Amino acid sequence: MLYDLARTLMFRLDPEVAHNVALSGLSMGASLGLDRMIKSHDLSMPVEVMGIRFPNPVGLAAGLDKNGSAVDGLAALGFGFIEVGTVTPRPQPGNPKPRLFRIPEHRAIINRMGFNNDGVDQLLVNLERSRFKGVLGINIGKNKDTPNNKANDDYLLCLRKVYDRASYITVNVSSPNTPGLRTLQFGESLNSLLDALKTEQARLARIYGRYVPIAVKIAPDMDAQELALVAGSLKTYEMDGVIATNTTLSREGIEDSPLSQEAGGLSGEPVRSRANEAIRTLAAELGGALPIIGVGGICEGFDAAEKLEAGASLVQIYTGFIYRGPRLIREALEEISMLHSAKR
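Draft legend 1. Representation of the overall build of the protein chain within the structure. Helix and strand counts for the protein chain come out as 12 helices and 13 strands. A principal-axis box enclosing the C-alpha atoms of the protein chain has dimensions of 50 × 50 × 40 Å. Across the 344 residues of the protein chain, 58% fall into the buried class. Taking as baseline every contact in the protein chain between residues at least 6 positions apart, the subset at least 24 positions apart corresponds to 73%. Looking at the protein chain as shown, the accessible area adds up to about 14600 Å², and 53% of this sits on carbon and sulfur atoms. Looking at charge distribution, the protein chain has the averaged site of its 38 positive side-chain charges lying 5 Å from that of its 39 negative ones.

In structure tokens form, the structure reads like this:
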């Protein structure tokens, strides 16, 4: 009920203003110790994925806390893991405003934020101030003005900087809001990037005496043949995980909305089936070679269990969390628990 009241008030604000107010509130609450008072202690459902022990399989997707400024407050809500970013080597403002649009009747959001963030160095400063000791993913990308033929340099720079702080690292090559970024998902561009990342990962593991897994986040807009090619590359370069999926360029399911013509990536309920199909295809192609983290359209607890049935090992929520609040985490875990019980 408290979240319903807060949401009603926040939804009266511009979406991006509300986003920033919420993050500031979580950050301030944590600094006052309020996160310790509300911390959920009964959402334990341990699972091991990518060699990491997760307290539970329901995480927060990247994009909500790009700069890692509210990790403590977010973690107190019961997430099994938090992913921050996408972060780039240099600060950048992102795309012109307005760039974030709610579609409540479809429990959906369109965003064209464009990797707005304060840069990787500031992210690390923020994380240094955090008390969070749980599983932390750091999502890395390239700056908008970095040409694709130099993209590897941006990813490698971010990889080096965040390696010692991350539990795992996500390589974002699938945002629709950075021009040309999605071409890095295919062919020689992808193979070159994965080869460079794996080489650097091995070097950093020797330096730090710790192996940090790397996952690749892909788009939901690939057909079965394209997904098969991506899966082949992920296996060839022995990547540690794949996150399926990012936002979609499709407007299927929101055709009746006056916002359907807004540019950007669509997330939320309309993406659910598309993401699930990508997970099923990937699971068949990967054959267990690496785990899948399922994202896209989780607005009910059942949606999370559905992604595990499709082949995911973990799930992440974002848009559903905006509409449903922390209760969605609990509902997802309840449905996942029932799924596990049914399989016993």
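Draft legend 2. Inspection of a nonpolar patch on the surface at higher detail. Together, L13, V17 and V21 give the surface a local cluster of nonpolar side chains, amounting to about 210 Å² of exposed area. With respect to the element layout, V17 can be found in helix 2 (residues 15-31).

Draft legend 3. The side chain of N111, seen in detail. Positionally, N111 belongs in strand 6 (residues 108-111). For N111, the side chain forms a polar contact with the main-chain nitrogen of M113, separated by 3.1 Å. With residues near it in sequence (within four places) discarded, N111 still touches R99, L100, N177, T247, G264 and G265.

Draft legend 4. Inspection of the pattern of salt bridges at higher detail. A full pass over the atoms with the stated rule returns 19 salt bridges. In this structure, the salt-bridge partner of R160 is E200, at a minimum N-O distance of 2.9 Å. One end of the pair, R160, is in helix 6 (residues 151-162); the other, E200, is in helix 7 (residues 187-208), and 40 residues separate them in sequence. Taking the relative accessible area as the measure of exposure, R160 reaches 37% and is therefore partly exposed. Note on E200: relative accessible area 9%, which makes it buried. Across the pair E277 and R280 runs a salt bridge, and its minimum N-O distance is 3.3 Å. Taken as a pair, E277 and R280 lie in helix 9 (residues 272-286) at a separation of three residues, close to a single helical turn. Overall, the relative accessible area of 40% leaves R280 in the partly exposed class. Through salt bridges that share partners, R107, E269, E300, R324 and E331 make up one connected network.

Draft legend 5. Main features of the environment of A215. The residue A215 is located in strand 9 (residues 214-218) in this model. Linking A215 and A284, residues 69 residues apart in sequence, is a C-alpha distance of 18 Å. Once you skip the residues sitting within four places of it in the chain, A215 turns out to touch I169, T170, V171, G241, V242 and I243.

Draft legend 6. Examining the sheet that holds strand 6 more closely. Ordered in space as 5-6-11, the three strands form an open sheet in which the pairing is antiparallel. Either end of the sheet is taken by a strand with one partner, and the two such strands are strand 5 (100-103) and strand 11 (265-268). Neighbour-to-neighbour, the strand axes of the sheet open up by a mean angle of 20°, direction not taken into account. Examined bridge by bridge, strand 6 and strand 11 share four bridges and lie antiparallel to one another. Counted as the bridge partner of A108 is G268 from strand 11.

Draft legend 7. Representation of the sheet that holds strand 3 (residues 58-60). Sheet architecture is closed into a barrel: eight strands sit in the order 3-4-7-8-9-10-12-13, paired in parallel fashion. For this sheet the average axis-to-axis angle between neighbouring strands, irrespective of direction, equals 25°. Sitting on the sheet, helix 6 is in contact with strand 4 (81-87), strand 7 (135-140), strand 8 (168-172) and strand 9, with an inclination near 160° to strand 7.

Draft legend 8. Main features of the packing of aromatic side chains. Applying the stated rule across the entire model yields five aromatic pairs. Pairing F11 with Y323 gives two aromatic rings, centres 5.6 Å apart and planes at 75°, and the pair type is edge-to-face. Residue F11 is found in the loop between helix 1 (2-10) and helix 2, and its partner Y323 is found in helix 11 (residues 319-324); the two are separated by 312 residues along the sequence. With a relative accessible area of 23%, F11 lands in the partly exposed category. By the ring-pair criterion, three or more aromatic residues cluster together here, those being F54, F81 and Y168. A cation over an aromatic ring shows up here: R7 above the ring of F11, its NZ or CZ 4.9 Å from the ring centre. Taking NZ or CZ as reference, R102 lies 4.2 Å from the ring centre of F11, over its face.

Draft legend 9. Quick look at the nonpolar core. Counting residues in each nonpolar core, the largest one holds 80 residues, and the members touching the most others are I138, I140 and Y155. Those residues in contact with Y155 that sit more than four places away from it in its chain are I140, G141, K142, V171, N172, V173, L181, L184, L193 and L197. Counting 13 residues, the second-largest nonpolar core is a separate cluster that includes F81, V135, Y168 and V295.

Draft legend 10. Region of interest: helix 12 (residues 327-343). The first and last C-alpha atoms of helix 12 sit 25 Å apart over 17 residues, in line with the 24 Å expected at 1.5 Å per residue. Residues of helix 12 that are buried make contact with strand 3, helix 10 (301-310), strand 13 (314-317) and helix 11.

About the cut-offs
Residues numbered from 1 in each chain as written. Predicted model: local features only at pLDDT ≥ 70, side-chain atom pairs only at ≥ 80, totals over all residues. Heavy atoms only, no water. Helix = DSSP H or I, 4+ residues; strand = E, 2+ residues; numbered from the N terminus. Buried < 20%, exposed > 50% of the residue type's maximum accessible area, 1.4 Å probe, protein only. Contact = heavy atoms within 4.5 Å. Areas by Shrake-Rupley, 256 points an atom, 1.4 Å probe, with all protein chains shown as cover. Lys, Arg positive; Asp, Glu negative; His and termini not counted. Charge placed at Lys NZ, Arg CZ, Asp CG, Glu CD. Patch = residues over 30% accessible without salt bridge, like charges linked within 9 Å, V, L, I, M, F, W, Y side chains within 5 Å. Salt bridge = Lys/Arg side-chain N within 4 Å of Asp/Glu carboxyl O. Polar contact = N/O pair within 3.5 Å; in protein donor to acceptor, adjacent residues only side chain to side chain. Pairing = 2+ DSSP bridges. Axes fitted to C-alpha atoms, helices over the stretch in contact; angles between N-to-C directions. Phe/Tyr/Trp six-rings, centres within 6.5 Å; stacked < 30°, edge-to-face > 60°. Lys NZ or Arg CZ within 6 Å of the ring centre and 35° of its normal. Core = buried A, V, L, I, M, F, W, Y, C linked by side-chain atoms within 4.5 Å. Expected span 1.5 Å × (residues − 1).

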